[in-house]
Amino acid sequence: LETRISSHGRVAYLFAPEREIPADGSPLLLVLHGCWPNRTEHDMAQNAYSYRELSQQAGVAVLVPFALQHTWDFVMSQGRASADDDFLSFAINEARSLHHIDDSRIAVLGFSDGASFGLSLAVANPDIFEAAMLWAAGFCLPEPAPVRPGGLP
C-alpha cells in the first residue's frame, strides 16, 4: 500500500505492509535523507520507492519525507526553524490515521544531515522514538522542537 502525503510544498511517501497487521499495529520507520542538492521529483520518488520492498518484507510501515530545500530547515538554521518539524508531525499523524501504527514502535533512520536531524529528534523525544539508526550525524541539538503526534501520551 502506497500513499503520497503532501502539505505546504513538502512531500512524503508512505509504504505500508500488505500482510496481516498485528493486533497492536505495525512499527513505523521514519527515513530522513541527507543533504541533496539538485534533486528532482523523479529522484525523490525513486529514492522513496527503494523502501517499498523493506516495508513488505519486514512488515513495517515506512515514511519517507523530503525537505522543501536541499536539506532540512532544522539543519540549515541550527535548530531554529520548525517548518520541517511541523511537516514531520503532520506526516506521522497522517500515517497513524491511515494505517494501524504501533505508537510504541516508531523509529528514525537518517543519513548525514538526516542523521543530525534524526538524532536531535530522538534525543528530544524519547517518548516517541523507540530507536534511532543514524549514519554520519554531524551534530545533535539537545532541544529541537518536539514532534508530537496527536493522541500519544
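Here goes a summary of the coordinates provided. (Residues numbered from 1 in each chain as written. Predicted model: local features only at pLDDT ≥ 70, side-chain atom pairs only at ≥ 80, totals over all residues. Heavy atoms only, no water.)

With that settled, the discussion passes to the overall build of the chain. Counting its secondary structure elements, the chain contains 5 helices and 6 strands. When the elements of the chain are put in sequence order from the N terminus, they spell out β-β-β-α-α-β-α-α-β-α-β. Whereas a compact globule of 153 residues would reach a radius of gyration of roughly 15 Å, the chain reaches 14 Å, a difference of no more than 12%. The principal-axis extents of the C-alpha atoms in the chain amount to approximately 40 × 35 × 30 Å. Buried residues in the chain amount to 48% of all 153 residues. Long-range contacts, defined here as pairs at least 24 residues apart, represent 71% of the contacts in the chain between residues at least 6 apart. As displayed, the chain offers around 7,300 Å² of accessible surface, 53% of which is attributable to carbon and sulfur atoms. Charged side chains in the chain number 9 positive and 18 negative. The centres of these two groups are separated by 2 Å. (Helix = DSSP H or I, 4+ residues; strand = E, 2+ residues; numbered from the N terminus. Rg over C-alpha atoms; globule rule 2.2 N^0.38 Å. Buried < 20%, exposed > 50% of the residue type's maximum accessible area, 1.4 Å probe, protein only. Contact = heavy atoms within 4.5 Å. Areas by Shrake-Rupley, 256 points an atom, 1.4 Å probe, with all protein chains shown as cover. Lys, Arg positive; Asp, Glu negative; His and termini not counted. Charge placed at Lys NZ, Arg CZ, Asp CG, Glu CD.)

Next up on the list: the pairing of strand β5 (residues 101–111). On any regular strand, side chains alternate: one points to one face of the sheet, the next to the other face. Bridging between strand β3 (residues 26–32) and β5 involves 6 bridges; their strand directions are parallel. Bridged to L28 within β5 is I106. As defined by bridge partners, β5 adjoins strand β6 (residues 129–135) across 6 bridges and the pair is classed as parallel. Across the sheet, V108 pairs through a bridge with A132, a residue of β6. (Pairing = 2+ DSSP bridges.)

Opposite charge on two side chains makes pairing possible when the charged atoms of those side chains draw close. Throughout the structure, instances matching the rule amount to 6 salt bridges. Among the salt bridges present, the one from D84 reaches R10, with a minimum N-O distance of 2.7 Å. You can see D84 sitting in helix α4 (residues 83–98) and its partner R10 sitting in strand β2 (residues 10–15), a full 74 residues away along the chain. According to the relative accessible area criterion, D84 is buried, its value standing at 2%. Shared partners join several salt bridges into a network, and the residues in it are R10, D73 and D84. (Salt bridge = Lys/Arg side-chain N within 4 Å of Asp/Glu carboxyl O.)

From the geometry alone we can't say anything about function, so treat these as descriptive.
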